[in-house]
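Below, each chain spelled out in residue letters.
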Amino acid sequence: MEEDLKEIYNPEGSELRTLQLKMLDILIVVTDICDRHNLPYWISGGTLLGAVRHGGFIPWDDDIDIELLRPDYQRLLKILPQELPDNLYLQTPKEKSYRLLFSKVRDRNSIVYSEEEDMASYKEKGIFIDIFSEERSYRGLKNVVDFFYGRAFRRLKRGRPFHSLKYFYEYTMSLALYPVGVLLIRIARGICAITKPDNILHSYGIGNSTNHNARYMFPVGKVVFEGREFSAPKEADTYLTKQYGNYMSIPQKDKRATHFMKVEYLEQ
């Protein structure tokens, strides 16, 4: 069955398989840097699901996610610009018109085409992997902060405030809400520093994620993905069951969410 899925979706030499292997190359570079600097990371979401259920990519998937606790994430963002090879580029929320509150490492020798990428004014739009910041928090607290901070950040970074009356309204509202969100983040982190919750969630503003627990995540373990070991939550089965339920069951064909990127490869 597994061979059938690979033959259907990502056989060797196919466009999707070529894309997946390019992402794998980026993942290897980034995680080797993490290991060199003793920065615990873990593969997550569909990447982890693919590792456990398929031994690598979910055959119809075109995504790689890794996560780090916020202090390690912040350290990694300082290290990567000095240690990434010339063909890779670190993209962070500080970049103009980049509207996400997590980071990416991108390939400089390709271009990804999508509505989001086409609208953005930033230069590097190549194949990427996602790097998420995680922290101890409470879902209710995070939801409140995200309402003020996350939405305001994305709308302000979108720009074009005078494009229409709707844009102008959203932009001016976001100007007011953004500083409230920043203040709420400080309050939320102060509360969590005192109460030390075991809940591990995306950092504030990124949006909802499954509420995982430090007990079954740390210290990180290992899992094989595409023939190579990478770090993973300590109890991958518990993690995946919490996030996906019966995760070993192959979804019906109409439930296999394909979001294959349109990619142009540049001459090197």
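Attention in this report is confined to the structure presented alongside it. (Residues numbered from 1 in each chain as written. Predicted model: local features only at pLDDT ≥ 70, side-chain atom pairs only at ≥ 80, totals over all residues. Heavy atoms only, no water.)

**Some remarks on helix 3 (residues 45-54)**
Inference 1: Burial within helix 3 is extensive, with nine of its ten residues counted as buried.
Inference 2: Within helix 3, the full set of buried residues consists of G45, G46, T47, L48, L49, G50, A51, R53 and H54.
Inference 3: Count one or two residues on from helix 3 and you reach G55, which has phi positive near 75 degrees. (Buried < 20%, exposed > 50% of the residue type's maximum accessible area, 1.4 Å probe, protein only. Helix = DSSP H or I, 4+ residues; strand = E, 2+ residues; numbered from the N terminus.)

**Overview of the packing of aromatic side chains**
Inference 1: In total, this model carries nine aromatic pairs according to the counting rule given.
Inference 2: Seen in terms of ring centroids, Y98 and Y122 are 6.0 Å apart; in terms of plane orientation they differ by 70 degrees. Their pairing is edge-to-face. On the criterion of sequence distance, the pair formed by Y98 in the loop between strand 3 (88-91) and strand 4 (103-107) and Y122 in the loop between helix 5 (115-119) and strand 6 (128-136) is long-range, its members being 24 residues apart. Judged on exposure class, the residue Y98 and its partner Y122 are both buried.
Inference 3: Connected via pairs of aromatic rings, a cluster forms that spans F57, F225 and F230.
Inference 4: The positively charged end of K104 is found above the aromatic ring belonging to F128, 3.7 Å away from the centroid. (Phe/Tyr/Trp six-rings, centres within 6.5 Å; stacked < 30°, edge-to-face > 60°. Lys NZ or Arg CZ within 6 Å of the ring centre and 35° of its normal.)

**Quick word on the pattern of salt bridges**
Inference 1: All told, the structure shown has ten salt bridges when counted by the stated rule.
Inference 2: A salt bridge links R17 to E12, with the nearest nitrogen and oxygen atoms 3.1 Å apart.
Inference 3: Taking relative accessible area as the criterion, E12 reaches 61% and is therefore assigned exposed.
Inference 4: Among the ionic pairs, R106 bridges to E117, the shortest N-O distance being 2.7 Å. Separated by eleven residues along the polypeptide, R106 in strand 4 and E117 in helix 5 bring together distant segments of the chain.
Inference 5: Connected through shared salt-bridge partners, E12, R17 and E226 make up one network. (Salt bridge = Lys/Arg side-chain N within 4 Å of Asp/Glu carboxyl O.)

**Points about the nonpolar core**
Inference 1: By size, the foremost hydrophobic cluster in this structure holds 53 residues, and its most contacted members are I43, L68, V105, I131 and F225.
Inference 2: For L68, the residues in contact, after removing those within four places along its chain, are C34, L39, P40, Y41, W42, Y73, L76, I131, F132, S133 and E134.
Inference 3: Core analysis: the next-biggest nonpolar cluster, separate from the first, contains 14 residues, A120, Y149, C192 and I206 among them. (Core = buried A, V, L, I, M, F, W, Y, C linked by side-chain atoms within 4.5 Å. Contact = heavy atoms within 4.5 Å.)

**What to know about unusual backbone geometry**
Inference 1: Of note, the amide linkage connecting F218 to P219 takes the cis form, showing an omega dihedral of -5 degrees.
Inference 2: Among the secondary structure elements, P219 is positioned in the loop between helix 8 (214-217) and strand 9 (221-225).
Inference 3: Even without glycine at this site, S97 takes up a positive phi of about 70 degrees.
Inference 4: Its location among the elements puts S97 in the loop between strand 3 and strand 4.
Inference 5: For S97, a relative accessible area of 14% corresponds to the buried category.
Inference 6: One non-glycine residue with positive phi stands out, namely E226, at about 55 degrees.
Inference 7: Its place among the elements puts E226 in the loop between strand 9 and strand 10 (228-232).
Inference 8: On the accessibility criterion, E226 (24% relative accessible area) is partly exposed.

**Quick word on the pairing of strand 9**
Inference 1: Alignment of strand 9 against strand 10, held across five bridges, turns out to be antiparallel. Paired with K222 across the two strands is S231, which belongs to strand 10.
Inference 2: With antiparallel pairing between neighbouring strands as the criterion, strand 9 and strand 10 make up a hairpin whose turn holds two residues, including E226 at a positive phi of roughly 55 degrees. (Pairing = 2+ DSSP bridges.)

**Considering the environment of N109**
Inference 1: With respect to the element layout, N109 can be found in the loop between strand 4 and strand 5 (110-113).
Inference 2: For the pair formed by N109 and E267, sequence separation is 158 residues and the distance between their alpha carbons is 7.2 Å.

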